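Given next are the chains, with one letter for each unit.
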Amino acid sequence: IIFREVADVQTKDMLALPVPALREGKYIIVESEPDWYVKQVMEEFVARAERIRGGGVDPTEDNFLKITHEARLLGTDARLLDAAAPNSVDGKLNKVVENVFYEYERADREGKIGCQLIFSDIGTPKGSWSEDMLSEDYWKQTATLEKTGGEFDVYNYLKTELVKRGIPADEIAFIHDAKSDAQRDVLFKDMRSGKKKVLIGSTDKCGTGVNVQTHLVAMHHVDCPWKPSSIEQREGRGIRQGNENKEVAVYRYVTKGTFDAYSWSLVENKQRFISQVMTS
């Protein structure tokens, strides 16, 4: 009550700015079924949690924070925990590839430039993309993965699969490749003109100050950030003035039976509290 006495709050709904609407008025929730490997690791997490709760584990060896971190990785792709883990056909990242390519082709059919943003704070690039990654064996061989530090990463995998589908490699960019302000300016200009069609980035690097909205037709949340403001920053890249499209598709990806559903519900509860404060 005291806050409302001293603050003049204008929410997005109150301002009614001329910005694109959500396609069909709702978020597109894309669910993936966990494969046998993910289910097995989730069972291990439960057993670890029970041991920690029982007090028989040294916190320096294992703790709930560590389990939470690993569970977030597992919800995105099991290979983030173990590079040798199986590539689930129904996995979240493969669903992202399907939908990005669908939006790419849809925009082409409709005669639009059709740019897209993919957000992931998890699995940021461990090295630069190369055509070697198009090899069928690249993502299967741990020895080959050592070229990128022995770690699987979301960004290079997504780009590899999109290039295999037919999107030219030079139309896909990582925000992390723009090291300086000058390079960022060039990248954003390329997105606004349609020279680049797909930009993959994290919330921190692809949030505030990133003006690439001109031809955005879709945005994809690979993971769920911790704060409602992070989601707002992500979606504000496309649902804003200056976007020439009347609608924007916003995809949210969830792997069933993992930490994903909890993450989204946690952020929803945080946002509900914030909204109550802002609107009395």
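Residues numbered from 1 in each chain as written. Predicted model: local features only at pLDDT ≥ 70, side-chain atom pairs only at ≥ 80, totals over all residues. Heavy atoms only, no water.

**Q** What am I meant to see in the packing of helix H3 (residues 36-53) against helix H4 (residues 64-76) here?
**A** To describe two helices that pack against each other, one gives the angle between their axes and the distance between the axes. Two numbers describe how H3 lies on H4: the axes approach to 10 Å, and their chain directions differ by 170°. As the angle between them shows, H3 and H4 are arranged roughly antiparallel. Counting all contacts with H3, which are made through Val-38, Val-41, Met-42, Phe-45, Arg-48, Ala-49, Ile-52 and Arg-53, the residues of H4 involved are Phe-64, Lys-66, Ile-67, Glu-70, Ala-71 and Leu-74. Its residues placed into classes, the contact of H3 with H4 shows 10 nonpolar, no polar and 4 charged. (Axes fitted to C-alpha atoms, helices over the stretch in contact; angles between N-to-C directions. Helix = DSSP H or I, 4+ residues; strand = E, 2+ residues; numbered from the N terminus. Parallel < 35°, antiparallel > 145°, perpendicular 65-115°, else oblique. Contact = heavy atoms within 4.5 Å. Nonpolar A, V, L, I, M, F, W, Y, C, P; charged D, E, K, R; others polar.)

**Q** Even after reading the chapter, I still don't get the packing of aromatic side chains, so can you show me in this structure?
**A** How two aromatic rings sit relative to each other is set out by the distance from centre to centre and by the angle between their planes. Tallied over the full model, the rule gives 5 aromatic pairs. Here Phe-101 and Tyr-104 contribute two aromatic rings whose centre-to-centre distance is 6.5 Å and whose plane-to-plane angle is 15°, an arrangement assigned as stacked. Of this pair, Phe-101 and Tyr-104 both sit in helix H5 (residues 92-109), separated by 3 residues, roughly a single helical turn. Each member of the pair, Phe-101 together with Tyr-104, is buried. A cation sits over an aromatic face here: Lys-159 above Phe-174, 5.6 Å from the ring centre. (Phe/Tyr/Trp six-rings, centres within 6.5 Å; stacked < 30°, edge-to-face > 60°. Buried < 20%, exposed > 50% of the residue type's maximum accessible area, 1.4 Å probe, protein only. Lys NZ or Arg CZ within 6 Å of the ring centre and 35° of its normal.)

**Q** Help me out: how do you make sense of the packing of H5 against helix H7 (residues 154-165) in this one?
**A** Contact geometry of H5 with H7 gives a least axis separation of 10 Å together with a crossing angle of 45°. Put simply, H5 runs oblique to H7. The chirality of how H5 crosses H7 is right-handed. For the pair H5 and H7, the contacting residues are Leu-93, Asn-94, Val-96, Val-97, Glu-98, Val-100 and Phe-101 in the first and Val-154, Tyr-157, Leu-158, Glu-161, Leu-162 and Arg-165 in the second. Residue composition of the contact of H5 with H7, by class: 9 nonpolar, 1 polar and 3 charged. (Left-handed = near helix turned anticlockwise from the far one by under 90°.)

**Q** Can you help me understand the side chain of Arg-48 in this one?
**A** Mapped onto the elements of the fold, Arg-48 is located in helix H3. Filtering out sequence-adjacent residues up to four positions away, Arg-48 remains in contact with Asp-62, Lys-66, Ile-67 and Glu-70.

**Q** Hey, could you run me through the nonpolar core in this one?
**A** Nonpolar side chains in soluble globular proteins generally cluster together in the buried interior. Core analysis: the largest hydrophobic core is formed by 33 residues, its most contacted members being Ile-118, Leu-158, Leu-162 and Ile-200. Residues contacting Leu-162, with those up to four places away along its chain left out, are Val-97, Val-100, Phe-101, Ile-118, Ile-167, Ile-172 and Val-198. One finds Ala-178, Leu-199, Met-219 and Val-248 within the second-largest nonpolar core, a separate group that totals 19 residues. (Core = buried A, V, L, I, M, F, W, Y, C linked by side-chain atoms within 4.5 Å.)

**Q** Before we go on, may I ask you to explain the environment of Glu-131 in this structure?
**A** By the secondary structure assignment, Glu-131 is in the loop between strand S3 (115-119) and helix H6 (142-145). Residue classification places Glu-131 among the exposed residues on the basis of a relative accessible area of 63%. The sequence separation of Glu-131 and Val-163 amounts to 32 residues, and the corresponding C-alpha distance is 9.5 Å.

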